[in-house]
Amino acid sequence: MNKHPHTHGSTPASAPRPWARLLHRWPTVLGLVVAGLTAFDLKLDRDFVSVLSALIVLIAVVYPGAALLGRRQAAWWVLLTGLVVIAAILGLDLSVSPALVLFVAGLAALGWGLARDQWRAVRDLPLETVGMLAFSALAFTALSVEVSWAAYLVAGALVSHAVWDVVHLKWGRVVSASYAEFCWVLDLTLGAAILILMPR
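Residues numbered from 1 in each chain as written. Predicted model: local features only at pLDDT ≥ 70, side-chain atom pairs only at ≥ 80, totals over all residues. Heavy atoms only, no water.

## Focus: the confidence of the model for the protein chain
Okay, so step 1: Summarising the model, the protein chain shows a mean pLDDT of 87, and 86% of its residues fall at 70 or more.
Okay, so step 2: In the model, residues 6–11 has pLDDT below 50 throughout and makes two contacts with residues more than four positions away in sequence or in other chains. (pLDDT = per-residue confidence, 0-100. Contact = heavy atoms within 4.5 Å.)

## Looking at the pattern of salt bridges
Okay, so step 1: Applying the stated criterion across every chain, the model contains two salt bridges.
Okay, so step 2: R25 is paired through a salt bridge with E181; the nearest N and O atoms lie 2.7 Å apart. Of this pair, R25 sits in the loop between helix 1 (18–24) and helix 2 (26–39) while E181 sits in helix 9 (residues 177–197), placing them 156 residues apart in sequence.
Okay, so step 3: Under the relative-accessibility criterion, R25 is labelled partly exposed at 38%.
Okay, so step 4: You can call E181 buried: its relative accessible area is 9%.
Okay, so step 5: Where R173 meets D124, a salt bridge forms, and the shortest distance between an N and an O atom there is 2.9 Å. One end of the pair, R173, is in the loop between helix 8 (147–171) and helix 9; the other, D124, is in the loop between helix 6 (118–121) and helix 7 (125–143), and 49 residues separate them in sequence. (Salt bridge = Lys/Arg side-chain N within 4 Å of Asp/Glu carboxyl O. Helix = DSSP H or I, 4+ residues; strand = E, 2+ residues; numbered from the N terminus. Buried < 20%, exposed > 50% of the residue type's maximum accessible area, 1.4 Å probe, protein only.)

## Thoughts on the nonpolar core
Okay, so step 1: Membership of the largest hydrophobic core comes to 52 residues, with the highest contact counts inside it found for V62, V154, V175, Y179, L190 and I194.
Okay, so step 2: Going through the elements one at a time, helix 2, helix 3 (46–69), helix 4 (74–91), helix 5 (98–115), helix 7, helix 8 and helix 9 are the ones with two or more residues in this core.
Okay, so step 3: Tallying contributions element by element places helix 3 first for this core, with 16 residues.
Okay, so step 4: In this structure, V175 is in contact with V62, Y63, A66, R72, A75 and A180, ignoring residues within four places of it in sequence. (Core = buried A, V, L, I, M, F, W, Y, C linked by side-chain atoms within 4.5 Å.)

Structure below.
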């Protein structure tokens, strides 16, 4: 008589626990949390537009930054470094635009790449440079118009960048899959929140 009936045949795989699914989708969860904290008690004033414009420039700089460094995971380090710069400028109440500082830093990094002849060596760098310039142009335009129009520009830039993230996620190039997933969720959620919550 077999005392271990369960040793014969295949054992059905246990269903993944909810926490395991959340752990696997941590970039999505992180993107939603960051978007929620950013949009919490949303006030579409000049200060908020300034912060969001800096964020747009930062996420635009991340891509050429990661391409220059030659490591997809470097996207996270570029993002964290940029966030520290924004926090320092705002915390010290410096009379300088964080978006401008990040953009100049991005241009300096590109200049460094050109000096090392990486423009031809890194195949994605030209496209990522165009992306950085385009999204930064939207951010700076938002800084120069009335707040009501700036809100639409910022939201449009975020939603457009979400598409940029998804394309890179499908390509599997330049930035890590975890970063691309986090960024498109953050961009789309925050852009939609601005459009929904902005005064009519």
